[in-house]
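Listed below, chain by chain, are the residues.
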Amino acid sequence: MRKQSFIPLMAIMAVILASFFSQALAAGFTLASPDIAEGRKLDMQHVLNGFGCAGKNISPALTWKNAPEGTKSFAVTVYDPDAPTGSGWWHWVVFNIPSSVGKLPAGAGNDPELLPTGAIQGRTDFGAPGYGGACPPQGHGDHRYVFTVYALDVPSLDIPADSSGAMVGFFLNAHALEKASITATFGR
C-alpha cells in the first residue's frame, strides 16, 4: 500500500519540477530581431554597399530581454567567423550601452543619433566605427554573421573609443555575465 502512494507523489513532484525548470529556462537572456532570424539569409538591406556587394548596409533592429541580475551595461557585436583572415571579421562593435536600454533600432549602426546616450561604436575591420554589412568574397560560400548582445558586470568599458573589435571582444568576454546571439548567413 505504501509503495503505491509513493509513485503518484513522485509523478506529481516530477511535473512540478519540470514546469519550474521550463519556466526558468524560458525566462533566460534572449536576443530577437524583426529583421534577421536564426539560420536565415540576411536581406540585402543588411548587406554592405561596397567591395562588390550592392546592399543598403543598414544595421538591423535588435531587442533583448531578461538580462541577468547584476547587469550594469550591454554591448552588441556582429562577427563573421568564416572570413578568410585567420581571425574572422568584426562588422559592428557597440559598447557602453546603458543597462536601462533593451533595444537598438534599425539603422543605429549607421546614424549615431539613434544610439543610446553614452554608447560607443568601436572600430570594425573596415577601419572605422559603425555597421558594416555582410559581403563575403565571391565564391566562398555562405558565411555566418553572429549578432551578439552581452550583459556586462561593469557600467562601462574603460577602453579607447577607436579600439579594435578584437580588443573590445577581449574586454566583453572578461566582463560578460551572459550573452545571447542570432546567427544569420550570407553568401555570393
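Report follows, based on the coordinates. Quantities reported herein were computed from a predicted structural model and do not represent experimental measurements.

## Points about the sheet that holds strand 1 (residues 30-32)
Right, on to step 1. Ordered by their spatial adjacency, 3 strands build an open sheet running 1-4-7, and the pairing between neighbours is antiparallel. Each edge of the sheet is formed by a strand with only one pairing partner; in this case those strands are strand 1 and strand 7 (103-104).
Right, on to step 2. In the sheet, strand 1 pairs with strand 4 (residues 62-65) via 3 bridges, with the strands oriented antiparallel. By the bridge assignment for strand 4, Leu-31 is matched with Trp-64.

## A word on unusual backbone geometry
Right, on to step 1. Positive phi, close to 55 degrees, is recorded for Asn-57, a residue that is not glycine.
Right, on to step 2. Non-glycine residue Asn-66 carries a positive phi angle of around 60 degrees.
Right, on to step 3. Within the secondary structure, Asn-66 is located in the loop between strand 4 and strand 5 (73-80).

## So, the sheet that holds strand 10 (residues 176-186)
Right, on to step 1. Strand order in the open sheet formed by 5 strands is 8-6-5-9-10, with antiparallel pairing between adjacent strands. Both outer strands of the open sheet, strand 8 (120-121) and strand 10, are each paired with one neighbouring strand and no more.
Right, on to step 2. In this structure, strand 5 lies alongside strand 9 (residues 143-152), joined through 7 bridges in antiparallel fashion. Each bridged residue has a counterpart across the sheet, and for Ser-73 the counterpart in strand 9 is Leu-152.

## Regarding the side chain of Asn-57
Right, on to step 1. Note on placement: Asn-57 falls in the loop between strand 3 (53-54) and strand 4.
Right, on to step 2. Not counting residues within four places of it along the chain, the set of residues in contact with Asn-57 comprises Met-44, Gln-45, Val-47, Leu-48, Asn-49, Asn-110, Tyr-131, Gly-132 and Gly-133.

About the thresholds
Residues numbered from 1 in each chain as written. Predicted model: local features only at pLDDT ≥ 70, side-chain atom pairs only at ≥ 80, totals over all residues. Heavy atoms only, no water. Pairing = 2+ DSSP bridges. Helix = DSSP H or I, 4+ residues; strand = E, 2+ residues; numbered from the N terminus. Contact = heavy atoms within 4.5 Å.

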